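# Coordinate analysis (summary)
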There are 2 protein chains.
Amino acid sequence: MNWGKAMEKKTQKHGKSVVKMRDVAALANVSIATVSRYLNGNLDRMSADTADRVADAIDKLNYVPNSAARQMVKKSSGLVAVVAGNIDDFFSTEMFKGINAMLESKGYIGVLFDSNSDLDREKHLMQIVSNQYFDGAILQPYNTVQVIRETIKRPMPIVMADREIEQSPWPQVVTNNYEVARQATQYYKDKGFKRVIMITSSLSMAANRRDRYYGIQSVINNIDVLEVSEKSYNHKKVLEQLTTLINGSQEDTLIFALKERWLTEFIPRLFYMGLIDNDHVAVTGFSDTGTAQYIDAKTKLIAQNPYLIGASSGEIMLNMLEGKHRDPEKIVVPAKFG
Amino acid sequence: MNWGKAMEKKTQKHGKSVVKMRDVAALANVSIATVSRYLNGNLDRMSADTADRVADAIDKLNYVPNSAARQMVKKSSGLVAVVAGNIDDFFSTEMFKGINAMLESKGYIGVLFDSNSDLDREKHLMQIVSNQYFDGAILQPYNTVQVIRETIKRPMPIVMADREIEQSPWPQVVTNNYEVARQATQYYKDKGFKRVIMITSSLSMAANRRDRYYGIQSVINNIDVLEVSEKSYNHKKVLEQLTTLINGSQEDTLIFALKERWLTEFIPRLFYMGLIDNDHVAVTGFSDTGTAQYIDAKTKLIAQNPYLIGASSGEIMLNMLEGKHRDPEKIVVPAKFG
DNA sequence: CTGTTAGCGCGTTCAT
DNA sequence: ATGAACGCGCTAACAG
C-alpha cells in the first residue's frame, strides 16, 4: 500500500496544503507559541532574530492561519453581517458602504446578505447569520421584532438600520420620512399646489412608505395613489394612468414619487410629452442616487443619506462590540429637500 | 472573592449564554455523540424517542451550535465569498442574486463584499476572504491574475465572473462584449450612421470597456470618445460637450453609451432639447436594468444578463466544491441587442 | 525572551 | 442504538 500521498493530511477541503503552525514552528526552530505570538503582533515578546526566522518560515511555507481554530478560542471572527432589504437598491448598497467605512476603522469587516424583499428569505438569512460566526448583525428588516428575536437565537449585538420599530430592543438608525415628506409637500402647497398624485410600490410593505404617505397627507389630503408593482408592470399602461390622473383635475397637481425608480422611469416621458410644466404640474420625490435631479433643472427632490445611516449604524455596532452597551436608542439621520 | 458570576463561562463574546452540546446532552440524558448525530441528520442511528428528547432539549436550552468548532473539524463553512467590483452597479448585485440562486440549491450561501472599484481595497478583501473560512470565492476583479495568486494564498476554488483574462488558471464566465458592440454598431451603420460618439468612464480600467470599444471600432472607426468620471462630473458641462460633439459634424451620428448610467443621466435631456431624432442622431448603449429603454420607444439597447452570469458562476463553483474539477474553461453568456 | 500545556466545542471512529 | 475518547489548529496562562 502506498502511504505516501494517502497519508497526506489536508487542512483545507480543497487543496494539497497541510501547513499549520507547528510546521512553521519546526522550520523556524521555535515553539508554536512563538509563532502564535508573532501572528498576533506580540513582537515585543521575542527577539528580532526569532521574529525574522518565523516570518521567513511563514513565507517559505505559504502558511495561512486556520481562522476557524482561531475563532473558536478568540470567540470573534471580525466579521459583521449586514442583511439588506434589496441590494438592487442604491439605498442598501450605499448604506453598506457607510457601514464598512466605520467598521473597518476598527479592523472589523462587513459582509452583505440580500433578503431580496422577501420575508421568508430574510428570516432564512437571519438564521444563517445566527448560526455562523459573526460578531454582530446590522439589519434592514421587514420582519417584526418578535420574528427576529425567535430567529436569531444566539445573543449578539444587533442594530436596526432604516427601519423604525416601536419598542425595539435594539438601537435603530432611521430617516425622518414623515417630516421630510411633509416639508416637501408644504413647499408645493405654498406655491399653490392643491393635489397630489403619489406613485408608490405596495404601501403595506414598509413602514417607511407609510410614514411618507402620512407626511404628505398632513399637508394635502387630496391624494391619488398610483401603485406600481416592483416586480413587473406595464410601462405604457402606467404612463396612461398617470396621464389620465394628471388630466383628471383642474387643480395644480404635484406628482410625488416615493421611490427614485418611478421618477427616472416615468417622469422624463411626461416632460417630453409636455405634461409637466413646473407650473400647474410639478414633480418631486425621494431620490437617493441623484440621477433624477437631472430630469429637469427646476425639479426639487428629497435626498436621503444612506451612507450616513450606514456609518451611524456601524458606529453603534462598534460600540456594542467593544462592550460599551448602549440603550436601544433611536438615531435620526435627516433627509434633505431642495 | 465572588466566584459566582465570575466563573460563568461564555461561549459568545457578547451574551450570557453558555449552552453547548454537553448541556443539551445532559438535559436529554444522552451523550454528546448522540446530540451531534441528531444535529447532523443521522436520525436513523437513534431511536425516535431519543431524537425527540434531544430536540426538546435543544429547544428548551435555545442551543445553537458553535460554527467555528464545527468548521474546524468539517473543514467547511458552507459560505462562498463574492467579491464584486462595485455593488452600486446593478450588474454586480444582480449577478450576486444569480450566484446565490445556484449556490443555495445545494445548501451553500454567498456573501457579498464590495471592492468599490478600488484595486487596493479589492486586494485587501481578497486577503480577508483568503484568511477567513470560506469554501470558495467568486471574483469580479480588477487586479491581475498574478496579484490574485499572490493574495489568495490558501488553495480554494475560484471562479472569475465578468472578467475576461488570458491564461486564467480559473474558470471564467464572461459576456460577448466585443461581438455585441459590433452587432449594435453594424445595425446603425446599415441605417446610414457613419459616426459614433462614445460615452464612457476611463477606458483603462476594465478590459470589458476596451472590448466594447474595439467592437464599435471594427464597424465604424470615426469615433469621438467622451470620458466622464464615475466619481464626480459636471452634468451641465458634459451636456455641453455632448451638444458640441453632436453639432460638430454633418454625418449621421450614433451616441453609444458604454454604461447605462450615462444613458439615464444625459440622454433624456438631449431628447427634450430635440437633439436626438433617431434619424440623424440616434442612441444606443449597454443597459442592464432596463430603465433606459423607456427613454424613447424607438431606442434599441444592449442588455447583458448579469443574473445568468452569476448563475453560471455559481454552478461552476458548485462543481468545484463537489470535487468535479473543471478545467479553467471560459463560458460566454451573450448580451442581446434589440 | 521562549517553551509546555490545557482547553475552545464539535465530529467521528471504535467499542459496547 | 449509544457512549468514550481522541483530535481538529490555535491561544493564553503559566513556567522557566
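With an unreviewed UniProt entry as reference, chain A is termed Transcriptional regulator, LacI family, source organism Lentilactobacillus sunkii DSM 19904.

## Section: the UniProt feature "domain: HTH cro/C1-type" (unreviewed entry) in chain A
This chain's UniProt record puts "domain: HTH cro/C1-type" (unreviewed entry) on residues 21-64 of chain A. Helix makes up 68% of residues 21-64 of chain A and strand makes up 0%, while its end C-alpha atoms are separated by 9 Å.

## Observations concerning the protein's contact with DNA strand D
The immediate surroundings of DNA strand D are formed by 29 residues, with A:K20, A:M21, A:Y63, B:S31 and B:R37 found nearest. What you see for DNA strand D is that sugar and phosphate hold 70% of its atoms within 4 Å of the protein. Between DNA strand D and A:Y63 there is a distance of 2.3 Å, counted from a phosphate oxygen to a side-chain nitrogen or oxygen. The leading source of residues in the surface near DNA strand D is helix 4 (residues 67-74) of chain A, at five residues. Partitioning the surface near DNA strand D into residue classes produces twelve nonpolar, nine polar and eight charged.

## Side note on the domain arrangement of chain A
By a frequent convention, interface size equals the accessible area lost on bringing the separate parts together. Considered domain by domain, chain A is made up of domain 1 (3-73), domain 2 (78-174 + 307-332) and domain 3 (177-303). For domain 1 of chain A and domain 3 of chain A, the distance between their C-alpha centroids amounts to 61 Å.

## Thoughts on helix 8 (residues 177-190) of chain A
Residue and element names in this part refer to chain A. The terminal C-alpha atoms of helix 8 lie 20 Å apart, and with 14 residues this matches the ideal 20 Å at 1.5 Å per residue to within 8%. Every buried residue of helix 8 is accounted for by N177, V180, A181, A184, T185 and Y188. Within helix 8, the buried residues cover an arc of 130° as seen down the axis, which keeps them to one side. On its buried face, helix 8 is in contact with helix 9 (207-217), strand 8 (253-257), strand 9 (281-285), strand 10 (302-303) and strand 12 (336-337). Positioned one or two residues after helix 8, G192 has a phi angle of 105°, which is positive.

## Re the relation of the copies chain A and chain B
Between chain A and chain B, which share one sequence, the superposing operator has a rotation angle of 180° and an axial displacement of 0.0 Å; the RMSD is 0.1 Å. The symmetry that links the two subunits is that of a two-fold axis. In this assembly, 100% of the residues forming the interface of chain A have copies in chain B that are likewise at the interface, indicating an isologous arrangement.

## Description of the nonpolar core
Side chains that are nonpolar tend, in soluble globular proteins, to be buried together. In this structure, A:L112, A:I138, B:L112 and B:I138 are the most contacted members of the largest nonpolar core, which totals 44 residues. Among the secondary structure elements, those contributing two or more residues to this core are strand 1 (79-84), helix 5 (90-105), strand 4 (158-161) and helix 12 (306-321) of chain A together with strand 1 (79-84), helix 5 (90-104), strand 4 (158-161) and helix 12 (306-321) of chain B. Apart from residues lying up to four places away in sequence, B:L112 is in contact with A:I87, A:F96, A:V111, A:L112, B:V82, B:A84, B:I87 and B:F96.

## Some words on the UniProt feature "domain: HTH lacI-type" (unreviewed entry) in chain A
Taken from the UniProt record, the annotation "domain: HTH lacI-type" (unreviewed entry) applies to residues 19-74 of chain A. The span residues 19-74 of chain A is 68% helix and 0% strand, and its two end C-alpha atoms sit 21 Å from each other.

## Looking at the side chain of B:S201
All names here are of chain B. Mapping S201 onto the fold places it in the loop between strand 6 (195-200) and helix 9 (207-217). Here E230 takes part through its side chain, which lies 3.0 Å from a polar atom of the side chain of S201. Each residue touching S201, except ones within four places of it in the same chain, is listed here: R209, E227, V228, E230, K259 and W262.

## With respect to the protein's contact with DNA strand C
Close to DNA strand C lie 28 residues, the nearest being A:R37, A:S47, A:T50, B:M21 and B:Y63. The share of sugar and phosphate among atoms of DNA strand C within 4 Å of the protein is 66%. Here A:R37 contributes a side-chain N or O atom positioned 2.2 Å from a base oxygen of DNA strand C. Residue A:T50 places a side-chain N or O atom 2.6 Å away from a phosphate oxygen belonging to DNA strand C. If you list the elements that add at least two residues to the surface near DNA strand C, you get helix 2 (32-39) and helix 4 of chain A together with helix 2 (32-39) and helix 4 (67-74) of chain B. Looking at the surface near DNA strand C element by element, the count peaks at four residues for helix 4 of chain B. Of the residues belonging to the surface near DNA strand C, the class tally is twelve nonpolar, nine polar and seven charged.

## A closer look at the packing of helix 8 of chain A against helix 9 of chain A
Residues and elements named next belong to chain A. In contact at an axis separation of 7 Å, helix 8 and helix 9 are set at 35° when each is read in the N-to-C sense. Pair helix 8 / helix 9 crosses with right-handed handedness. Residues N177, Y178, A181, R182 and T185 of helix 8 lie in contact with helix 9, whose contacting residues are N208, D211, R212, Y214, G215 and I216. Within the contact of helix 8 with helix 9, the residues separate by chemical class into four nonpolar, four polar and three charged.

## As for the side chain of B:S312
Residue and element names in this part refer to chain B. Of note, S312 is situated in helix 12. A relative accessible area of 12% means that S312 is categorised as buried. When residues no more than four places from it in sequence are discounted, the contact partners of S312 are V173 and V333.

## Section: the environment of A:I165
Residue and element names in this part refer to chain A. Turning to its location among the elements, I165 is positioned in the loop between strand 4 and strand 5 (172-174). When its relative accessible area of 16% is taken as the criterion, I165 is described as buried. Setting aside chain neighbours within four positions, we find I165 in contact with V145, M160 and Q172.

## Quick notes on the packing of helix 2 of chain B against helix 3 (residues 48-61) of chain B
Residues and elements named next belong to chain B. For the pair helix 2 and helix 3, interaxial distance at closest approach is 10 Å and the crossing angle is 85°. Here helix 2 lies roughly perpendicular to helix 3, going by the angle between them. In contact with T34, V35, Y38 and L39 of helix 2, helix 3 contributes A51, V54, A55 and I58. A class-by-class count of the residues in the contact of helix 2 with helix 3 yields seven nonpolar, one polar and no charged.

## Quick look at unusual backbone geometry
At A:N278, a residue that is not glycine, the phi angle is positive and equals roughly 65°. One can find A:N278 in the loop between helix 11 (260-272) and strand 9.

Thresholds applied
- Residues numbered from 1 in each chain as written.
- Chains lettered and ligands numbered in written order.
- Predicted model: local features only at pLDDT ≥ 70, side-chain atom pairs only at ≥ 80, totals over all residues.
- Heavy atoms only, no water.
- UniProt positions renumbered as here; feature names shortened; annotations may be inferred.
- Helix = DSSP H or I, 4+ residues; strand = E, 2+ residues; numbered from the N terminus.
- Near = heavy atom within 4 Å.
- Polar contact = N/O pair within 3.5 Å; in protein donor to acceptor, adjacent residues only side chain to side chain.
- Nonpolar A, V, L, I, M, F, W, Y, C, P; charged D, E, K, R; others polar.
- Domains from an automatic or database assignment.
- Expected span 1.5 Å × (residues − 1).
- Buried < 20%, exposed > 50% of the residue type's maximum accessible area, 1.4 Å probe, protein only.
- Arc of directions from axis to C-beta.
- Contact = heavy atoms within 4.5 Å.
- Least-squares fit on C-alpha atoms with pLDDT ≥ 70 in both.
- Core = buried A, V, L, I, M, F, W, Y, C linked by side-chain atoms within 4.5 Å.
- Axes fitted to C-alpha atoms, helices over the stretch in contact; angles between N-to-C directions.
- Left-handed = near helix turned anticlockwise from the far one by under 90°.
- Parallel < 35°, antiparallel > 145°, perpendicular 65-115°, else oblique.

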